[in-house]
Structure formats: C-alpha cells, structure tokens
Amino acid sequence: MTIRVGILGLGMMGKFHHDTYAKVKGARVEAICEVDPKKRQGIIGHGFGEINVSKLRVYSQAEALFADPALDMIDVCLPTYLHAKYTVAALKAGKHVVCEKPMARTSAEAKTMIEAAKKSGKQLFVAQCIRFWPSYAKARELVMSGKYGKVLTARFCRMSGLPAWSWENWLHDPAKSGRAALDLHIHDVDFVQYLFGKPKSVLSCAGGLKKGCLDHIITSYEFGKDQLVSAEGAWEYASAYPFAMTFSICMEEATLDMTRDTKLYLYPLRGKAAEVKVPAGDGYFHELSHFVQCVRSNRGSDVVSPESAMNSVKILEAEVESARLSKPVSVRC
Ligand SMILES: NC(=O)c1ccc[n+]([C@@H]2O[C@H](COP(=O)([O-])OP(=O)(O)OC[C@H]3O[C@@H](n4cnc5c(N)ncnc54)[C@H](O)[C@@H]3O)[C@@H](O)[C@H]2O)c1
C-alpha cells in the first residue's frame, strides 16, 4: 500500500519533506497546497531550489487539499501559529496528519490537536526529528543500554544566525514563532525529555527577554537525581555563523560526544576513543519513513506520541516562565 501525501506549506521545510518522501519506501507526494503563487509553480526561493510540480495536484486553499479524496495523509509544514488550526481541520476531514515541530504555538493549542485526533480515529504524528537523528538516536540507545553506567552530566547546544527565509517574516514575530526558544531550542527540550523523561522543574535564563524575543536560552533540568542536564539554544549569532548542533553525555564509564564535528565519538574511561557508527540518512528521512510505516500498519508512533510532543511545549513554557521570573519553575505535565 502506498501512502498518498499532500504537503501543506511549501517553504523551507515543505521542500525538505517533499524531497525526502522521494526516498521513503511506501509513500508518494501527490499534491501540494501553497498561498504563494511562485511556490505553487515549484519555485521555493531563498536558495532552497525548485521542485517539479507538473505531476502534482496543486492547490491554493487548504480546504481543497483536505477535500482531495485520493490523499491519505497531510503533511503540515505551515508556520507554527497555524499548526493547530489546520491540523484539526485535516483530521476532521478524515486524513492522517504529520505536523512539523514544535507541535503548536502553545500547549493549549496542542491539546486541541490531540482531541481532534482521538475524535477522528486518524493518526497524528509530530515531526520531532532529533529523536530520529542517527547520532542522537544512537547516543540514546547507548545510554539506555546501561553499559556505561549512569549519566552524570549531559549538555545539548543548538546555535545559528537569525533565520532569513520565512514567509511574511513569521519567524521574527515572537507571537507567531516563539522565536529561538520555541522554534530552535525545542529540539533539545524534546530530546532531553525523550532521554530522561519529564523534568520536575527547570531553571532558565534568556537573552532578548526585554524585546520579548528569547533569542538565547540556557536551561538546567532537575530530575531529582544527582545529575546536571542542560540545554542551550540561540539564533542571535551573525548570519555568517554556520548552524551547529552539538552534545556531550558524560556517564560513569564513558563519555559520548558530538561537539568536534558531526560524528559521534565514544571516550571510554579505559581504552581508546572510537567513532560510533550510525545509520546513514538524516532525521527527516528516518522520521518520515517511520510515520509512513505507522500509517501503513495503522498504528501510532512508539517513538513520538502526540502527548509527549505536547509535553515538550509544556516544558518549554515552564522554561520561558523561569527565565522571566529568574527562578526555578515546576513542570506540569
Ligand atoms: N524539523 C526541523 O528541523 C525544522 C526546520 C525548519 C522549520 N521547521 C518547522 O517547519 C514549519 C515551517 O517552517 P519553514 O521554515 O518551512 O517556514 P516557511 O515560512 O519557509 O514556510 C511556510 C510556508 O507556508 C506557506 N503558507 C502560509 N500560510 C499558508 C496557508 N494557509 N496555506 C498554504 N500555505 C501557507 C507559506 O507561503 C510558506 O511557503 C515551522 O513550524 C518550523 O518550526 C522545522
């Protein structure tokens, strides 16, 4: 069975997903929907290239995409503040939905998406791609194996310049994107939750607070254990600064590290350091392959449930509150 996909929003991420589905077994993009006439012709702009739309059904209104009877699944690659509205509508129209991260602008909106999925009986997947990123997934597998003892400290970082490509500059508007805290740092918030579970509380500090922008956030996560877990995300760096995602996880018997380059290394307490081999492909390929297989076998995802994606937004909301109050904030999820 081939899952027939319609992509809603063909900006940077819609283009990435479009290209990725071509490599994913059991799925085919059959339709796209875009409000921008140039993008409807396949011209994405901002250096993201072009796609051939000649064999696709092309829509300018989401309602028409959702009404296309030949589609099984809608892939929502819209600006974050539109995720909830259009995901709920797609589910109501009887489609399975993949929604880009962060799940929604607020956890309250995310809740409406979960309720809509339950009512519709259709699958809802949130594209928290770092859970599927080979080096991160492998690091988690090694930590969970217990082979190297308990985690003593873990540190996750994600830095970039200010994104310059977004439609109507929505990424620059804190009310629409949540700026670096929600748009960028959520990747590490989500991975921290995936690796360690829900924190009891968070302690954050942030840059850009006075402008309401949260363009640099540093958080320490409290799990009630003798462990230091932190994550830092920023996008106020110069535009020439190359995007970087890094982490190091120090365990009793070894340290895992992806800070020197994009490769994962294991440094045992005794013995030689070694590169850890990871599966080929990026997180987008592995997450979409996984979601497509879930739909084909009519099951939810055991890697990223909608509830856990909503909880990542809740944890982030606690971080924002902590940064504003300059004190630890309990996480309520
Ligand atoms: N997983 C990742 O690594 C990753 C990376 C970048 C962005 N994202 C997420 O993907 C989402 C999209 O981000 P982006 O960078 O692609 O933004 P973007 O601005 O490049 O793309 C959004 C697209 O949606 C279109 N659009 C807006 N309203 C529409 C509507 N009602 N109907 C149809 N089309 C509409 C716009 O014209 C634009 O092309 C965001 O939630 C973002 O956080 C995820």
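A few points on the structure. Here the structure is a predicted model, which means the values were calculated and not measured.

### Concerning the site of the ligand
Neighbouring the ligand are 27 residues; G9, G11, M13, E100 and W167 lie closest to it. Looking at which element gives the most residues to the shell around the ligand, the answer is helix α1 (residues 12-21), with three residues. Looking at the shell around the ligand residue by residue, the classes come out as 16 nonpolar, five polar and six charged. Shared between two domains, the shell around the ligand holds at least three residues of each, these being domain 1 (3-130 + 285-303) and domain 2 (131-280 + 312-330).

### Regarding the packing of helix α5 (residues 107-120) against helix α11 (residues 306-325)
Here α5 crosses α11 at 170°, and the two axes come no closer than 9 Å. On the basis of their axis angle, the class for α5 and α11 is roughly antiparallel. Between α5, through S107, A110, K111, M113, I114 and A117, and α11, the contact on the second element is made entirely by P306, E307, M310, V313, K314 and E317.

### Description of the packing of α1 against helix α10 (residues 283-296)
In contact at an axis separation of 10 Å, α1 and α10 are set at 65° when each is read in the N-to-C sense. In terms of orientation, α1 and α10 fall into the roughly perpendicular class. The crossing of α1 and α10 is right-handed. Counted together, F16, H17, T20 and Y21 of α1 and Y284, F285 and L288 of α10 form the full contact between these two elements. When grouped by side-chain class, the residues that make up the contact of α1 with α10 number five nonpolar, two polar and no charged.

### Topic: the sheet that holds strand β8 (residues 201-207)
Within the open sheet, the nine strands sit side by side as β14-β13-β12-β11-β7-β10-β9-β8-β15. Their pairing is mixed. Only two strands of the sheet have a single neighbouring strand rather than two, namely β14 (274-275) and β15 (329-330). Bridging between strand β11 (residues 244-251) and strand β12 (residues 254-258) involves four bridges; their strand directions are antiparallel. Among the inter-strand pairings, C250 is bridged to a residue of β12, identified as T255. On top of the sheet, helix α9 (residues 186-196) reaches β7 (151-161), β9 (216-222) and β10 (228-237); it is set at about 165° to β10, its chief contact. Running over the sheet, α11 touches β8, β9 and β15 and is turned about 60° from β8.

### Brief notes about the environment of P174
Its location among the elements puts P174 in helix α7 (residues 174-177). By the C-beta count within 10 Å, which is 17 here, P174 ends up partly exposed.

What counts, and where the lines are drawn
- Residues numbered from 1 in each chain as written.
- Predicted model: local features only at pLDDT ≥ 70, side-chain atom pairs only at ≥ 80, totals over all residues.
- Near = placed C-beta within 6 Å.
- Helix = DSSP H or I, 4+ residues; strand = E, 2+ residues; numbered from the N terminus.
- Nonpolar A, V, L, I, M, F, W, Y, C, P; charged D, E, K, R; others polar.
- Domains from an automatic or database assignment.
- Axes fitted to C-alpha atoms, helices over the stretch in contact; angles between N-to-C directions.
- Parallel < 35°, antiparallel > 145°, perpendicular 65-115°, else oblique.
- Contact = placed C-beta atoms within 7 Å.
- Left-handed = near helix turned anticlockwise from the far one by under 90°.
- Pairing = 2+ DSSP bridges.
- Buried ≥ 20, exposed ≤ 12 C-beta atoms within 10 Å, placed from the backbone.

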